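These are the residues of each chain, in order.
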Amino acid sequence: MREALRRFLDGDVWHSFRSSPVAMVAAAVAALCLFCAVFAPWVAPHDPFDLASLELADSRLPPAWEDEGKPAYPLGTDDQGRDILSALMYGARISLAVGLVSVLLSVLVGVGLGLLSGFVGGRVDAFIMRVCDVMLSFPPILIALLIDGVGRAMFPDAHDTLAFAVLILAIALSGWVKFARTVRGSTLVERNKEYVQAARVIGVPGRRIMARHVLPNVMGPVLVLATIDIGQAILIEATLSFLGVGVPPTQPSLGTLIRVGNDFLFSGEWWITVFPGAVLVMIALSVNLLGDWLRDALNPRLR
């Protein structure tokens, strides 16, 4: 473990990270958002979902630096008296969880199908690629809306856990195509190289060649795509929640908070929607910047 850490610190990726101020700032912002989201029950000043602690008399309070603001609510409160700062931490927790799990599921499905398509070829390759073409003909948000709508129609009385599962499945099934096509292209190149031909000659089974020889050599682009796709998955979740078909209202994410604040935007309570929107932009932008840096760091032509 210590030797692997030493090799990483002496490697090109860490040197590229230290040489990129943009990547360091983006990583710091992403780490701060992740820390506040994971440890929200401990670092948040209030529990925004504890109904017994809410005070309707404190609803729609402006941020603390304005005249009617209170120090107990640094970023103000919403229409139910919930602390905006605490709601942002809990909301980011849900948005990040949905984004990470959905991207992980997309990677598993896309990498598996892309590896199979590129290595086996023939009718299997043609069938999988035609499915990808059909999926690419529709915008991802429409696919997610369709799957989410079908899931809610099939399970009208679903509890919160099942509702989260349907949302994650909807986002994952709209995002696996890019991984499948990327892995297929890389696999078509790798399967004709000498080490794969040598493994076939000595009788190594095809499944073992795919898993132990081809897969590690096609994971570079997948890591870059997965990093960038996390930001896109969070935005899709926020869009679905803004449209009212995302996470349950009892556990609002950043998209739900933006939708709630949008009703009061033109009545002067701008902070209810501006702060959740700003946090959403910070998370998506920092993740995308990290993905851009990782793409350049893993590209041997740019070293």
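See the structure above.
Residues numbered from 1 in each chain as written. Predicted model: local features only at pLDDT ≥ 70, side-chain atom pairs only at ≥ 80, totals over all residues. Heavy atoms only, no water.

(A) Seen up close, the nonpolar core. The biggest cluster of nonpolar side chains holds 53 residues, and the ones touching the most others in it are Leu88, Val98, Leu254 and Ile283. Sort the elements by how many residues they give to this core and helix H5 (residues 84-120) lands first, with 12 residues. For Leu88, the contacting residues outside a window of four places in its chain are Leu75, Leu254, Leu257, Phe275, Pro276 and Val279. (Core = buried A, V, L, I, M, F, W, Y, C linked by side-chain atoms within 4.5 Å. Buried < 20%, exposed > 50% of the residue type's maximum accessible area, 1.4 Å probe, protein only. Helix = DSSP H or I, 4+ residues; strand = E, 2+ residues; numbered from the N terminus. Contact = heavy atoms within 4.5 Å.)

(B) Main features of the pattern of salt bridges. Overall, the coordinates contain 6 salt bridges when judged by the stated rule. Linking Lys193 and Glu190 is a salt bridge whose minimum nitrogen-to-oxygen distance equals 3.2 Å. (Salt bridge = Lys/Arg side-chain N within 4 Å of Asp/Glu carboxyl O.)

(C) Spotlight on helix H6 (residues 122-136). Look at H6: 21 Å from first C-alpha to last across 15 residues, which is about the 21 Å you get at 1.5 Å a residue. Taken residue by residue, H6 has Asp125, Ile128, Met129 and Cys132 as its buried positions. In a view along the axis of H6, the buried residues occupy a sector of 95 degrees, so they form one face of it. Counted as exposed and oriented over 90 degrees from the buried face of H6: Arg123 and Phe127. Residues of H6 that are buried sit in contact with H5 and helix H9 (176-190). (Expected span 1.5 Å × (residues − 1). Arc of directions from axis to C-beta.)

(D) Fine view of the packing of H5 against H9. Running from amino to carboxyl end, H5 crosses H9 at an angle of 35 degrees, the nearest separation of the two axes being 7 Å. Of the two possible hands of crossing, H5 and H9 adopt the one that is right-handed. From H5, Ser106, Val107, Val109, Gly110, Val111, Leu113, Gly114, Leu115, Ser117, Gly118 and Phe119 reach across to H9, where they touch Trp176, Phe179, Ala180, Val183, Arg184, Thr187 and Leu188. Among the residues forming the contact of H5 with H9, the class breakdown is 11 nonpolar, 6 polar and 1 charged. (Axes fitted to C-alpha atoms, helices over the stretch in contact; angles between N-to-C directions. Left-handed = near helix turned anticlockwise from the far one by under 90°. Nonpolar A, V, L, I, M, F, W, Y, C, P; charged D, E, K, R; others polar.)

(E) Geometry of the packing of aromatic side chains. Tallied over the entire structure, the rule returns 5 aromatic pairs. Where Phe35 meets Phe39, the ring centres are 5.0 Å apart and the plane angle is 45 degrees; that geometry is what we call tilted. Consider the rings of Trp65 and Phe275, whose centres lie 6.3 Å apart with planes at 90 degrees: the pair is edge-to-face. In this pair, Trp65 sits in the loop between helix H4 (40-43) and H5 while Phe275 sits in helix H14 (residues 271-297), placing the two residues 210 residues apart along the sequence. (Phe/Tyr/Trp six-rings, centres within 6.5 Å; stacked < 30°, edge-to-face > 60°.)

(F) Up close: the packing of H6 against H9. One can describe the packing of H6 onto H9 by two numbers: an axis separation of 10 Å at closest approach and a directional angle of 140 degrees. Between H6 and H9, the angle is such that the two are oblique. In this structure, H6 crosses over H9, and the sense of that crossing is left-handed. Residues Asp125, Met129, Val131, Cys132, Asp133, Met135 and Leu136 of H6 pack against Trp176, Val177, Ala180, Arg181 and Arg184 of H9. A class-by-class count of the residues in the contact of H6 with H9 yields 8 nonpolar, no polar and 4 charged. (Parallel < 35°, antiparallel > 145°, perpendicular 65-115°, else oblique.)

(G) Expanded view of H9. The terminal C-alpha atoms of H9, which comprises 15 residues, lie 21 Å apart, in line with the 21 Å expected from a rise of 1.5 Å per residue. Residues of H9 that are buried: Trp176, Val177, Phe179, Ala180, Val183, Thr187 and Glu190. When H9 is viewed along its axis, its buried side chains cluster within an angular range of 155 degrees and face the same direction.

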